[in-house]
Amino acid sequence: MPRMVRLPRIAGIGAVAVALGVLASAPTAGAAVVAEPPPSTLPAPSPGPPLSLTDPRIFAHFDFSRGQTPENIALEPDGSAILTFAVAHQVVRVDKHGDSQPVATLPAVANPRTPVIGVAAATGIVRAHDGTLYVGYATGTEANGIWRITPDGRVEQFTGSDLPTDAFVNGLAIDERHGVLYAADAYLGKVWRVSLDDGSATTWATGAALERAGFVGANGIKVRNDSVWVSNLDQGTLLRIPVERDGSAGAIETRATGLGGIDDFAFAGHGETVLAALNATSEVALVRHDGSHTVLLTAADGLSNPTSVAVRHEKVYVPSAAFTTQTDPNLLLARLKDHRPKP
């Protein structure tokens with residue numbers, strides 16, 4: 001288990017990286033890859049990158065030796081970033097000046113039994129419009145699941161026993177219009193649907209496309225236009241799952257392949273163009289609607305095992321956890337430039 005000691009490295013941190021879906025390596029050899037949709041279902045290839053990222057800069061640096069490994073991000077209306085620190089199982093706010101303030105620390109677990117790694121870790125985070133934060137906490141114990149941090153600072157477990165202790169909640173997505181959260185389960189290989197009313201959890205989507213192939217499977221997750229999008233780190237894929245009229249999951253579609261080490265992601269604009277954190281290679285890739293992708297940011301820009309992406313207007317936020325580089329966990333900012341012709 002990683003120990004919070006003032007040393008250049010934390011013993012066992014590579015194991016944490018595996019379980020959180022940020023393993024800096026290529027997908028497992030021989031891993032099952034979900035077939036792409038027939039070519040006829042895909043639009044014609046884009047003539048060139050519709051977007052670019054300019055002026056990248058490190059906005060905030062964190063301390064790896066203190067477990068300050070940013071795993072996921074949510075944004076506040078004023079542009080402040082809310083981050084989860086996986087190893088320290090903390091939530092912090094980075095304001096517009098780059099200063100960090102603690103928001104909450106999830107309760108310590110005496111004997112965590114988290115699948116794959118066996119240590120407690122804070123994972124995905126989303127923010128409701130009223131400022132309530134929902135945070136994934138992987139422990140393998142009764143504390144496992146999704147926790148809620150209210151605007152007045154109360155920290156409480158939100159999900160109950162219907163989310164089992166061997167579930168590994170990774171990415172979270174919120175759909176307030178329908179009163180639900182979606183949670184990607186990196187160990188059991190499924191998507192959970194969680195009621196915002198009472199925290200009850202039910203299995204929403206399953207299938208080989210979501211499963212792991214040795215390490216972790218379903219990882220990042222977002223809601224876009226009556227669909228749920230999910231990344232699978234082991235399979236290097238980006239998936240789309242339609243939400244049917246009755247709220248059930250439709251057939252899983254593979255929208256992009258070859259995204260080795262993909263962690264969480266964000267949509268750029270109102271369409272289906274995605275900016276994806278490729279933790280394995282310390283890159284951010286632009287994934288087009290046709291499934292092709294182009295690398296826009298690299299380690300040379302300051303990335304160090306990036307874990308997630310957030311977009312607000314023309315500003316792009318990329319947290320890096322440095323799980324395997326063990327060098328400079330940080331929050332990078334860049335400017336989004338749109339090259340698409342104006343209507």
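Okay, so let's go over this structure. Computed from a predicted structure; not experimentally measured.

Calculation notes
Residues numbered from 1 in each chain as written. Predicted model: local features only at pLDDT ≥ 70, side-chain atom pairs only at ≥ 80, totals over all residues. Heavy atoms only, no water. Helix = DSSP H or I, 4+ residues; strand = E, 2+ residues; numbered from the N terminus. Buried < 20%, exposed > 50% of the residue type's maximum accessible area, 1.4 Å probe, protein only. Contact = heavy atoms within 4.5 Å. Pairing = 2+ DSSP bridges. Axes fitted to C-alpha atoms, helices over the stretch in contact; angles between N-to-C directions.

1. A closer look at the overall build of the chain
Item 1. Of the regular secondary structure elements, the chain holds one helix and 24 strands.
Item 2. Here the chain, with 343 residues, has 57% of them falling under the buried criterion.
Item 3. Across the chain, contacts joining residues at least 24 apart in sequence account for 52% of those joining residues at least 6 apart.

2. Details of the sheet that holds strand 11 (residues 180-185)
Item 1. Spatial ordering of the open sheet is given by 10-11-12-13, a layout of four strands whose pairing is antiparallel. The open sheet is flanked by strand 10 (169-175) and strand 13 (201-206), the only strands paired with a single partner. The average angle at which neighbouring strand axes cross in this sheet is 25°, direction not considered.
Item 2. Alignment of strand 11 against strand 12 (residues 190-195), held across six bridges, turns out to be antiparallel. Across the sheet, tyrosine 182 pairs through a bridge with arginine 193, a residue of strand 12.

3. Focus on the pairing of strand 24 (residues 330-338)
Item 1. Sheet analysis places strand 1 (residues 51-61) next to strand 24, joined by eight bridges and oriented antiparallel. Looking at strand 24, one finds that serine 52 is bridged to lysine 337.
Item 2. Taken together, the six bridges between strand 23 (residues 315-320) and strand 24 define a ladder with antiparallel strand orientation. Its bridge partner being in strand 24, valine 316 is matched across the sheet by alanine 334.

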